[in-house]
Amino acid sequence: MKLYCIRVGAFKLPRGFVAARCKDANVPTVMPIYTYLIKHPKGLVLVDTGQSYEMRDENTVMEEKDTVIHKLAELGYKPDDIKYLVISHMHLDHSGYMNDFPNATFIARKEELKAAWWPEACEGGYVFPTYEKTRQYKFIEPADDEDFDLFMDGSIVLIDTRGHSRGHQSVVLNLPKTGKTVLINDAAPIREVLERTLLPGTCTDNWQAIRSVRKLQHLESCGYKMIYAHDPDNLPEKNFPEYFD
Ligand SMILES: [Zn+2]
């Protein structure tokens, strides 16, 4: 099994946007956006689809060649080659090209789908056109608090880390050489969230968000490798086209 950490653009916003009360909270910072491709013997698994170039806004820092579609093409893959598409949550910088994978099986939490399709006024970050076509696509919807073992072999396990959004999930991998590795996504967008037990910059449920931070802190204390989706100061040691195995 191989893990590719793929940078698919960035956004420039004050640091506090991703971590409440962090250091330099008001300082505008270019923060990367990561998606992940996992080559598993049972098929290709993509985790998140990044920012849409077509739906970029004034905070987006990306070129057209940065999209997940282009990055997959660099590896020789097209969207139909992706068998499973894990969606950590459906904010715009994670759901950008969901429409483009009609033949994948999506795995998203039920509550996240509800939030994305009918968000409360306080729930920002959902841009309906990025997943508008997916209503008839194939979804597996794990229960909110379920650990979902994708292939029932312990290699890819989706864990509940809600709080940043209603149905946020992180991904725990068991890589042959690297060992246990966590794709955290927005439950702790930057390392400082885990170091200082901060809330992510936006939350739908603060109590659940801190519970998720503590769960991730526990995994790190057990020796799991942590990979951050938006931390400019803690990038994965191996970036696409390099990979973890
Ligand atoms: Zn988010």
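Each value, and the rule that gives it
Residues numbered from 1 in each chain as written. Predicted model: local features only at pLDDT ≥ 70, side-chain atom pairs only at ≥ 80, totals over all residues. Heavy atoms only, no water. Donors = N, O, S within 2.8 Å, 3.2 Å for Na, K, Ca; no water. Buried < 20%, exposed > 50% of the residue type's maximum accessible area, 1.4 Å probe, protein only. Helix = DSSP H or I, 4+ residues; strand = E, 2+ residues; numbered from the N terminus. Pairing = 2+ DSSP bridges. Arc of directions from axis to C-beta. Contact = heavy atoms within 4.5 Å.

1. Things to note about the coordination of the zinc ion
Coordination sphere of the zinc ion, protein contribution only: His89 (NE2), His91 (ND1), His164 (NE2) and Asp186 (OD), at 2.1 to 2.2 Å. In primary-sequence terms, the residues that donate to the zinc ion follow H-x1-H-x72-H-x21-D. Owing to a relative accessible area of 0%, histidine 89 belongs among the buried residues under this scheme.

2. Description of the pairing of strand β5 (residues 82-86)
Regular strands place side chains that alternate from one sheet face to the opposite one. Burial of β5 is extensive: four of the five residues sit out of reach of the surface. Relative to β5, strand β3 (residues 43-47) is paired through four bridges, and the arrangement is parallel. Each residue of the ladder has a partner; that of leucine 46, found in β5, is leucine 85. Sheet analysis places β5 next to strand β6 (residues 105-107), joined by three bridges and oriented parallel. Across the sheet, tyrosine 84 pairs through a bridge with threonine 105, a residue of β6.

3. Points about helix α2 (residues 110-117)
Among all positions of α2, only Glu112, Leu113, Ala115 and Ala116 are buried. Looking straight down α2, one finds its buried side chains confined to an arc of 160°; they lie on one side. Summarising the contacts, the buried residues of α2 are in contact with β7 (138-140).

4. Observations regarding the sheet that holds strand β2 (residues 28-40)
A sheet is described by the order of its strands in space; here seven strands give the open sequence β4-β1-β2-β3-β5-β6-β7, paired in mixed fashion. If you trace the sheet from one side to the other, it starts and ends with β4 (60-61) and β7, each paired once. Judged from the eleven bridges that link them, strand β1 (residues 2-14) and β2 form a sheet pairing that is antiparallel. Note on β2: the bridge partner recorded for arginine 7 is tyrosine 34.

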